[in-house]
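# Breakdown of the fold
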Amino acid sequence: MSQSSDSPHQPAGGRYRFCGGHFVDPNEGVHPEMVDLDGAASGSNGIPDSPDALIAMQENKPERPEKPERSHSAKVKQVLDLMDKLETTADDDQQIALAILRQLERFHDGVVEEMREDEEAKHSQIAAWAVDADRLMHCRLFLESIDL
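Let us now look at the environment of Leu136. Residue position: Leu136 is located in helix H4 (residues 123–144). The exposure class assigned to Leu136 is buried, which follows from its relative accessible area of 13%. Apart from the residues lying within four places of it in its own chain, the contact partners of Leu136 are Leu101, Leu104, Glu105 and His108.

Take the confidence of the model for the protein next. Model confidence for the protein is summarised by a mean pLDDT of 77, while 66% of its residues fall at 70 or above. The lowest-confidence element of the protein is strand S1 (residues 17–19), averaging 62 in pLDDT; the highest-confidence one is H4, averaging 93. In the model, residues 1–14 has pLDDT below 50 throughout and makes 15 contacts with residues more than four positions away in sequence or in other chains.

Of all hydrophobic cores here, the largest spans five residues; its members are Val111, Val112, Met115, Ala121 and Ile126. The greatest single-element share of this core, amounting to three residues, is contributed by helix H3 (residues 90–117). Not counting the four nearest positions on each side in its chain, Val112 is found in contact with Ile126, Trp129 and Ala130.

Attention shifts here to H3. Compared with the 40 Å implied by 1.5 Å per residue over 28 residues, the 41 Å span of H3 between its first and last C-alpha is a close match. Where H3 is concerned, the buried positions are Gln94, Leu98, Leu101, Glu105, His108, Val111, Val112 and Met115. Taken together, the buried residues of H3 touch H4.

Below, the discussion takes up the pattern of salt bridges. Scanning all chains against the criterion turns up five salt bridges. Across the pair Glu144 and Arg102 runs a salt bridge, and its minimum N-O distance is 3.2 Å. Placement of the pair is Glu144 in helix H4 and Arg102 in helix H3, with a sequence separation of 42 residues. Since its relative accessible area comes to 34%, Glu144 is described here as partly exposed. Given a relative accessible area of 30%, Arg102 falls into the partly exposed group. One salt bridge in this structure joins Glu144 and Arg140, with 3.3 Å as the shortest N-O distance. Placement of both Glu144 and Arg140 in helix H4 is noted, with a separation of four residues, approximately one turn of the helix. With relative accessibility at 16%, the residue Arg140 sits in the buried group.

Definitions and limits used
- Residues numbered from 1 in each chain as written.
- Predicted model: local features only at pLDDT ≥ 70, side-chain atom pairs only at ≥ 80, totals over all residues.
- Heavy atoms only, no water.
- Helix = DSSP H or I, 4+ residues; strand = E, 2+ residues; numbered from the N terminus.
- Buried < 20%, exposed > 50% of the residue type's maximum accessible area, 1.4 Å probe, protein only.
- Contact = heavy atoms within 4.5 Å.
- pLDDT = per-residue confidence, 0-100.
- Core = buried A, V, L, I, M, F, W, Y, C linked by side-chain atoms within 4.5 Å.
- Expected span 1.5 Å × (residues − 1).
- Salt bridge = Lys/Arg side-chain N within 4 Å of Asp/Glu carboxyl O.

The structure is reproduced here in structure tokens:
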């Protein structure tokens, strides 16, 4: 059974979400660059039908706003300053990055093991830490695969 586009539970663009049986704005929590500001693009209206149309669409894209510069802690500033002074090769930089990733990966794996043994640990937290450990592993594998 389909609802008409003028239903209060379904926006005209055809996108809809429900949470707990209530309508939720599909753009809530979406990054501002990803929100359809016009609301006019529905279906395939915004999809290019040829490589030339895709290139033209990309060339007409407005510039992204600059991200505000985040302030770093004193320790982070110190590390960044030291890194600027280092005279390292690309291979050295890769080895440093791999060492940091390995350390982070071991830390996350350790936290997951501790939480698995803790009967009061939340399953969602165990899953979140495990996912982060997995992402770090994939980053490490990717970085290891790069030949400099």
